[in-house]
Amino acid sequence: AVVHAAGSVKGLVTDAVWRRGIAVSTAANANALPVAEYTVAAILFAGKRVLAGARAYRAARERLRPLELFPDAGNYHRTVGIVGASRVGRRVIELLQPYDLRILLHDPYLAVPEAGALGIELTDLDSLAARSDVVSIHAPELPETRHLFDAARLARMRTGATLINTSRGSLVDTAALTGELAAGRLHAVLDVTDPEPLPADSPLYELPNVLLTPHLAGSLGNELARMTDTAIDELERYARGLPFRDAVHP
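Residues numbered from 1 in each chain as written. Predicted model: local features only at pLDDT ≥ 70, side-chain atom pairs only at ≥ 80, totals over all residues. Heavy atoms only, no water.

Enquirer: Could you clarify how one ought to interpret helix α2 (residues 28–48) in this entry?
Expert: Side chains of residues three or four places apart in an α-helix project in the same direction, reflecting 3.6 residues per turn. Compared with an ideal rise of 1.5 Å per residue, which puts 21 residues at 30 Å, α2 spans 30 Å between its outermost C-alpha atoms and is within 8% of the ideal. Of all the 21 residues making up α2, 15 are buried; the element is thus mostly covered by neighbouring parts of the structure. Immediately downstream of α2, the backbone of Arg49 shows phi near 55 degrees, a positive value. (Helix = DSSP H or I, 4+ residues; strand = E, 2+ residues; numbered from the N terminus. Expected span 1.5 Å × (residues − 1). Buried < 20%, exposed > 50% of the residue type's maximum accessible area, 1.4 Å probe, protein only.)

Enquirer: Looking at this structure, how should I read the packing of aromatic side chains?
Expert: For any pair of aromatic rings, the description consists of the separation of the ring centres together with the inter-plane angle of the planes. Taken as a whole and assessed by the stated rule, the structure comprises one aromatic pair. Note on Tyr238 and Phe244: the rings are 5.8 Å apart at their centroids and 20 degrees apart in plane angle, and the pair reads as stacked. Exposure remark for Phe244: the relative accessible area of 12% places this residue in the buried category. (Phe/Tyr/Trp six-rings, centres within 6.5 Å; stacked < 30°, edge-to-face > 60°.)

Enquirer: What's the story with the environment of Thr39 in this structure? I'm lost.
Expert: Along the chain, Thr39 falls in helix α2. On the basis of relative accessibility, which here comes to 0%, the residue Thr39 falls in the buried class. Along the backbone, Thr39 and Arg61 are 22 residues apart, and their C-alpha atoms lie at a distance of 29 Å. The residues touching Thr39, leaving out its near neighbours within four places in the chain, are Val92, Ser136, His138, Ile164 and Thr166. (Contact = heavy atoms within 4.5 Å.)

Enquirer: Any chance you could explain the pairing of strand β6 (residues 134–137) here in plain terms?
Expert: The two faces of the sheet receive side chains in turn, since in a regular strand these alternate between them. Residues Val134 and Ser136 of β6 are buried on one face, and the alternating residues Val135 and Ile137, pointing to the opposite face, are buried as well. Pairing geometry for strand β3 (residues 78–83) and β6, over four bridges, is parallel. Each residue of the ladder has a partner; that of Ile82, found in β6, is Ser136. Looking at chain direction, β6 and strand β7 (residues 162–165) are connected through four bridges and run parallel. Directly across from Ser136, in β7, lies its bridge partner Ile164. Of the crossover connections in this fold, the one passing from β6 over helix α8 (residues 151–156) to the parallel β7 is right-handed. (Pairing = 2+ DSSP bridges. Right-handed = clockwise from strand over helix to strand, strands pointing away.)

Enquirer: Got a minute to help me understand the layout of surface pockets in this structure?
Expert: Take a probe with the size of a water molecule and roll it over the atoms, and the empty space left behind shows itself. Its volume calculated, the largest pocket comes out at about 1,000 Å³. Forming the walls of the largest pocket are 33 residues, and the residues nearest its centre are Gly7, Ser8, Ala28, Arg87 and Arg168. Listed by contribution, the elements that provide at least two residues to the lining of the largest pocket are α2 and α5 (87–96). Residue contributions to the lining of the largest pocket peak at four residues, all from α2. Taken together, the residues that form the lining of the largest pocket break down as 16 nonpolar, 12 polar and five charged. (1 Å grid on protein atoms, 1.4 Å probe; cavity = no way out; pocket = protein on both sides within 12 Å on 5 of 7 lines; lining within 4 Å. Points joined across faces, edges and corners; volume = space filled by probe spheres on them. Nonpolar A, V, L, I, M, F, W, Y, C, P; charged D, E, K, R; others polar.)

Enquirer: Can you help me understand the pattern of salt bridges in this one?
Expert: Pairs may arise between side chains of opposite charge once their charged atoms sit close together. Under the definition given, this model contains 10 salt bridges. Across the pair Glu94 and Arg91 runs a salt bridge whose closest N-O atoms are separated by 2.7 Å. Residue Glu94 and its partner Arg91 are located together in helix α5, separated by three residues, close to a single helical turn. In this structure, the salt-bridge partner of Glu121 is Arg131, at a minimum N-O distance of 2.9 Å. Taken together, the residues Glu121 in strand β5 (residues 121–122) and Arg131 in helix α7 (residues 125–131) connect sequence positions 10 residues apart. Given a relative accessible area of 31%, Arg131 falls into the partly exposed group. Linked by salt bridges that have partners in common, Arg78, Asp133 and Arg158 make up one network. (Salt bridge = Lys/Arg side-chain N within 4 Å of Asp/Glu carboxyl O.)

Structure below.
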């Protein structure tokens, strides 16, 4: 058996593994939780305009009037668009359930009844981009998903909307996004970029409407223990002759 104490096994598992009948397990579900937590925090902070408020307060160094600065701020009945019903995407949807948010989902492999069971509205990607106050990307990196958010799709997003990417940088056209952000039309929370890292002279490091983090949404520090525990649990199941709880299939 191969028991991977981390996320993706794409770089480890070849067809030879399946031909030899080797069982494979992944700790991707355990790693999905901190990514989802980061995303939920980013969604809620985006709605409250926390980043812009912090910058304004730092610059003014005096009492501000938030209602005047951010008359449209808040998370009551905001629309959040989730791109991809992946492990992370589903966990984000689950964690958002207690909040007064409208949740849209785009995933070409998800059926309408399954979306209904998740308690959200399934829609096409262009509609999601146009209707959402916050768009969060959780789709896999595939040839078909490269530049999923290109110039045309970014242009469909509402003025003032926030784009969150904790998936892979290649899903967003960096040049097109940089243009939208430099113009001040959109906001962004980016834990991944293309390229990664960005060139030292990239405007994204300094733009006031961008929160750029160094690919830290996944398991860090004490969160690594969760993946370790998951792998040990899988080893115990294997030793007892039980199927893996988080098995990977061809």
